[in-house]
Every structure is written in structure tokens, then in C-alpha cells.
Amino acid sequence: MKPRLTISARIALLSIILALVSNLALVGFIWKQTSADAVAALHREIVEQADALRAVWRTGALPALADAIKEAREPGDVSLVLAIFDPQGHRIAGYAPRHLAVPLADTPFRIAVLGRDGVWNAREAGYTLHPIGHDWLLVGRPLDLIEAQQVAIERALALAVFLSLMLGVGTGLVLARYVTGRLNTIVAVIDAAGEGDLTRRVRLVRDGNDEGDAFDRLAERLNAMLGKIEQLMAELRVVTDSLAHDLRSPLARLRTKTEQAVLIADPAQREAALGGLLVETDLIMRMLTMVIEISRSESVTRDRFTLASPVELVEEIGELYAPVAEEAGLRFLIDVEARPAPLPLHRELMSQALSNLIDNALKHGASGGEVTLRLREGAEGIIFQVEDHGPGIAEADRAQALKRFGRLDTARTTPGAGLGMALIEAVARLHGGRFDLADNAPGLIARLVIP
């Protein structure tokens, strides 16, 4: 199996390749643009020179043109081609090949080899060729100077490519080290979490109001996930400890009553004892069922939500509990203050939460004689509210009432497990809302707020 490159090596190699490709593209553009600009400048110069000499010929004929050609060229200057040719292509005057190798035709500008003899062989030049009477005027300049400039530019660009390649190597190594360092920090936190340490977090490196790079965003999400896992593990420990503690008493009573039932000889007394066993068993089953409901509500995803009308939900729950309240001698009111549009809800869990709220109000607020199920709309969202006029819950005890297995001293004598409020709060979190308790003076207001 061929060895694979490490992530650091791949990042460094990618950085080098990107630097090389981008610089080659830049160098190619500069070389091409420089060459094109040089040829364009040569074109303008030759055309201007040819126009000036043709103006001299029109005013003074061939003698004046020959004198102008001599004056235009400095002695020993081989970079400027100025000459007059006869109709057969033989040079009459000026500096140019003896015999012209290009066709005698009116040529505004062209690059070609002008002659085959001596230094003119294979020597390209930019030129113009125009008729002057029966003869021809040649104006041009060899490309030697442009080619020399191009060679110098190519050398400079080659050096620039080499330097950019070295810079790319250095940048790639620094980038690879940076990326590897950030990834190793994240991996170390993940490894610690895998070993059971959920308290470690990834350090962010953003400055001021900077939103941070991709690593910071990844670190934020990882830290949020670890915080959620740590919270769930803490809650799991609380639930486990509380469940074991709260199950101990009913299980002990169940064992005691079972032993007593076994020893009872009278059938009627034995049947009564067995009835007590069923009551204790139902209590344990309710506790376990409620724990399962809470766990299920916390594991539900939002793709299980459906559009539901809050008004229809309240009216259905109200119709269900109105006979129950009437049987208990209570006045049950339904007050729909707002009619919001349907919104995404987990209908089953919302129904269970509202049922728990009404059950609590009927059970603990019966002394007030009245329970109200209210639907209203506020700045925070849709509010499902259950109100009673019973003894209520003191503000100092409300946090305890919302905990799992959190039972107040006044509720110890009634059947229950202290999980109803925890289920309602879990449903509120599932919907992105909140659950809180407030004073009804007298009584209690339980609010489920859904944004």
C-alpha cells in the first residue's frame, strides 16, 4: 500500500501549487503584454517616420528624400532601416538589404525578414513599404532591441517565479503548521471528551468584533455540543440518582405489602392487600412512563413537527377536561384571546404538556374553585397559559418544582413522581420556547411560551 501524504504535507503542497500557477499566469500575462506594447510602440514610430519621409518626397522629390534619409540616420546606426528601392527591388539609397526579400506592395505595417544577404538573413524587422512614384520607400526597425528587452524581462520573470515558489513553500509550511495546530487543539478536546472529560473546551482566537474564521465557528459549535452533552450527562446522573431514591420507597412498600399479603389467611383481607399492591405498582409504572416520555421529547427532531392550529389544540384539550373539572366540582374556563395562524408543533407532546398543566391545576388548585386555560399572543410568541386560584407555589420554591423528581413538601402526601413539570419544560425546549411559573394572587399561573 502506497504511503499517503499527511494533511500538513497536502496543505503545503496545495499552497505551493497555487502560488506557482498564479505566478506563472501573472508572468505570462506580463510577458505577453510587454511584447504587445513594444510592437505597438514600434508600429507607431515607423508609421510616423514613413509619413514624414513621404511628405518630404512630395515636396522635394527623390533628392530631398535621399538627403532626409541621411539626416534621419545617425552614423553607425544599424537599428533604423531607411531606404529607397527601384521597381526591381534593388536598393538605390539608404540603409537596407541590397535586394529586398519581401514583395513590392503597399504595406502599412508588417514583421518579416527583409533580406537574405549578410546580417539581414533570418533577422526579423517591423517595416512599412509605400510607393513613391516609380520607386518604393522602406521604413523599418529590426526587432533585435525588442528581443533583447524580452530576454531581460524573461530572466527577471524567471527569477520572480523562483522567488514566488520559495515564498509559496514558506507560506505552505506556515499555513500547514497553523492548520495542523488548530486541528490538533480540536482533536485534543474531542479525545478528552471520549475519555470522559466533558469540561474541556476549544479556545477561540478571534479578536474584538471579528466573527472569526472557520476554525472558530467549528470550535463554537463543538463547544456548544460538548456543553449540551455535559448538561445531559449531569441531568442523567440526577435522574438516575433521583429515580433510584424515589423508587426505593414504593418498592419497599410493595415488598412489605407483598409479604403481608402472603401471610394473610382471610381471603377478603388478602384481596384488599392485593389491591394495595396494584396501587403501588401503578405508581411505579407512572414514574417510569413519565421518565420515558421526557427522554422521548428530548430526542425528537424538528422534522417530526407538523402545522397545527393553537386554537384547535386548546379547544380540543378544553373539551376533554371540562367534564373532568365539572365532576371535581370546579369551574373550567377556556379563554382564547388571540387566533394565531398554524405553526410547526409536535402535536402529541404539546397535548401531553397542556394535559399535565391542567392535571396539576385540578390536583393542587382545586381549593380555588376555578381553572382557566388561556391562549394569547405576546411579543415573545404564542402563550399557552393555565391559571388556578389555589395555594400556588412560593417564588423561592419554583425552581425546585421545575426539577426532575422535584416535589415540594406540600405535595409529598399526594401521588406523583415530580416529573410532570420536567416534561413540560422539555417540550418547551424542543419548540425553542420556555416554561415558567408566576403568581396569580392567589394561585399559580403556568405559562408555556412558543416563539
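Since we're looking at a predicted model, the values are computed, not measured. (Residues numbered from 1 in each chain as written. Predicted model: local features only at pLDDT ≥ 70, side-chain atom pairs only at ≥ 80, totals over all residues. Heavy atoms only, no water.)

A.B. asks: It is not clear to me how unusual backbone geometry should be interpreted in this structure. Could you clarify?
C.D. replies: Of note, the phi angle at Ala 61 is positive, near 65°, even though the residue is not glycine. Position of Ala 61 among the secondary structure elements: in helix H1 (residues 7–72). (Helix = DSSP H or I, 4+ residues; strand = E, 2+ residues; numbered from the N terminus.)

A.B. asks: What is the right way to look at the packing of aromatic side chains in this model?
C.D. replies: What describes a pair of aromatic rings is the distance from one ring centre to the other and the angle between the planes of the rings. The final tally for this structure, using the stated rule, is 1 aromatic pair. Ring geometry for Tyr 95 against Trp 120: centres 5.3 Å apart, planes inclined by 50°, an arrangement best described as tilted. Highlighted residues: Tyr 95 in strand S2 (residues 91–95) and Trp 120 in the loop between strand S3 (107–113) and strand S4 (124–132), separated in sequence by 25 residues. Considered together, Tyr 95 and Trp 120 belong to a single accessibility category, that of buried residues. (Phe/Tyr/Trp six-rings, centres within 6.5 Å; stacked < 30°, edge-to-face > 60°. Buried < 20%, exposed > 50% of the residue type's maximum accessible area, 1.4 Å probe, protein only.)

A.B. asks: Sorry, what's going on with the UniProt feature "transmembrane region" (unreviewed entry) in the protein chain here?
C.D. replies: UniProt's entry tags residues 12–31 and 156–176 with the feature "transmembrane region" (unreviewed entry), counted in the numbering of this structure. Counted over residues 156–176, helix gives 100% and strand 0%. Its end C-alpha atoms are 30 Å apart. (UniProt positions renumbered as here; feature names shortened; annotations may be inferred.)

A.B. asks: Help me understand helix H6 (residues 347–364) in this model?
C.D. replies: Taking 1.5 Å of rise per residue, the 18 residues of H6 would be expected to cover 26 Å, and the 26 Å separating its terminal C-alpha atoms lies within 8% of that figure. Among all positions in H6, only Leu 349, Met 350, Ser 351, Ala 353, Leu 354, Ser 355, Asn 356, Leu 357, Ile 358, Asn 360, Ala 361 and Leu 362 are buried. (Expected span 1.5 Å × (residues − 1).)

A.B. asks: Would you take a moment to explain the nonpolar core for this structure?
C.D. replies: In globular proteins that are soluble, nonpolar side chains generally tend to be buried together. With 39 residues, the main nonpolar core has Met 350, Ile 358, Phe 384, Phe 435 and Leu 448 as its most contacted residues. At the level of secondary structure, the elements contributing two or more residues to this core comprise helix H5 (310–327), strand S8 (343–345), H6, strand S9 (370–378), strand S10 (381–388), helix H8 (420–430), strand S11 (434–439) and strand S12 (444–450). Here this core gets 8 residues from one element, more than from any other, and that element is H6. By size, the runner-up hydrophobic cluster in this structure holds 16 residues, among which are Leu 42, Leu 53, Ala 68 and Leu 137. (Core = buried A, V, L, I, M, F, W, Y, C linked by side-chain atoms within 4.5 Å.)

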